[in-house]
Structure formats: structure tokens, C-alpha cells
Amino acid sequence: MARRLPLSKFHISKRLQWARNYMSYGDKWMTVLFSDKKKKWKLDGPNGNIKYWHDLRKEIRSVFSRQSGGGSVMVWTAFGFSSQVGLAFLDGRQNSPKYIETLENHLMPFAENIGGQN
């Protein structure tokens, strides 16, 4: 496996430019939130991976899967400078109204605790 990401010189310069722009952000970082969702984890095996690295001195791992699938779970979370939101387990597909509901129920209370109404 490659030991580094295959970034072009253009991508490297853009990342450095972004980092330099925010180096002097100081205490403002304490009010920044990052959030993301993991599309899904399959509950009965790997997420589409059919190959894996293994130690040749050990027995090959078996993967169990069900004919009609074993279901999956989608999660969302957020974190800030000194705190984090617990995982939110999301039901069904996340369309715009459902994502807004997720943000209202999980992100907004968290945001108000660290940044007030700002």
C-alpha cells in the first residue's frame, strides 16, 4: 500500500494556502464545529470489500453474509475544540428534511452550549 496520499502539486499548494490562512485564527477555533455522517456500516460483513490483507502465518478469516443482507446502520456526530456530540443513529435515508432534523436535534443544542446563539 502507498505510504502517502497521491496529492498533486496543485492540491498540496491549496492545502498549504488554506492552513496558512487559518494559522492565526487563535481562539476562534474554540467556536468551530465539525460534523459528518458515516453512510452505513453493514451489520453482517465488510462494506463491499472482498479482499483484505492478512498475516500468511495465520489462518484465513471467514466472512459470513446473509442472502438478503443483515441490515446496516448510519451514524452522525460532531465535535468541537473541547467537546463532542454523542453518536446519533439515523433512521432510513437522509434526505434534506431528515438531515435538517438531525442537525436541529443533535447539532444545535451542542452548538448553543459552546457558542451561545452566535
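Here, every reference points to the structure presented above.
Here's a quick rundown of the structure. (Residues numbered from 1 in each chain as written. Predicted model: local features only at pLDDT ≥ 70, side-chain atom pairs only at ≥ 80, totals over all residues. Heavy atoms only, no water.)

## Considering the pairing of strand 2 (residues 72–79)
Item 1. Pairing geometry for strand 1 (residues 34–42) and strand 2, over seven bridges, is antiparallel. Bridge pairing in strand 2 links Lys37 to Trp76.
Item 2. Across three bridges, the pairing between strand 2 and strand 3 (residues 88–90) is antiparallel. Looking at strand 3, one finds that Met74 is bridged to Leu90. (Pairing = 2+ DSSP bridges. Helix = DSSP H or I, 4+ residues; strand = E, 2+ residues; numbered from the N terminus.)

## A look at the nonpolar core
Item 1. Among the nonpolar cores identified, the biggest contains eight residues, and these are Met74, Trp76, Ala78, Val85, Ala88, Leu90, Leu107 and Phe110.
Item 2. For this core, the secondary-structure elements that each account for two or more residues are strand 2, strand 3 and helix 2 (96–115).
Item 3. Here this core takes three residues from strand 2, the largest share from any one element. (Core = buried A, V, L, I, M, F, W, Y, C linked by side-chain atoms within 4.5 Å. Buried < 20%, exposed > 50% of the residue type's maximum accessible area, 1.4 Å probe, protein only.)

## Some remarks on the side chain of Gln94
Item 1. Note on placement: Gln94 falls in the loop between strand 3 and helix 2.
Item 2. Among the polar contacts made by the side chain of Gln94, one reaches the side chain of Thr102 at a distance of 3.3 Å.
Item 3. Apart from the residues within four sequence positions on either side, Gln94 is in contact with Met74, Tyr99 and Thr102. (Polar contact = N/O pair within 3.5 Å; in protein donor to acceptor, adjacent residues only side chain to side chain. Contact = heavy atoms within 4.5 Å.)

## Section: a positive patch on the surface
Item 1. Positive charge collects at one region of the surface, where Lys37, Lys38, Lys39, Lys40, Lys42 and Arg93 lie side by side.
Item 2. Among the structural elements, Arg93 can be located in the loop between strand 3 and helix 2.
Item 3. On the basis of relative accessibility, which here comes to 75%, the residue Arg93 falls in the exposed class. (Patch = residues over 30% accessible without salt bridge, like charges linked within 9 Å, V, L, I, M, F, W, Y side chains within 5 Å. Areas by Shrake-Rupley, 256 points an atom, 1.4 Å probe, with all protein chains shown as cover. Salt bridge = Lys/Arg side-chain N within 4 Å of Asp/Glu carboxyl O. Lys, Arg positive; Asp, Glu negative; His and termini not counted. Charge placed at Lys NZ, Arg CZ, Asp CG, Glu CD.)

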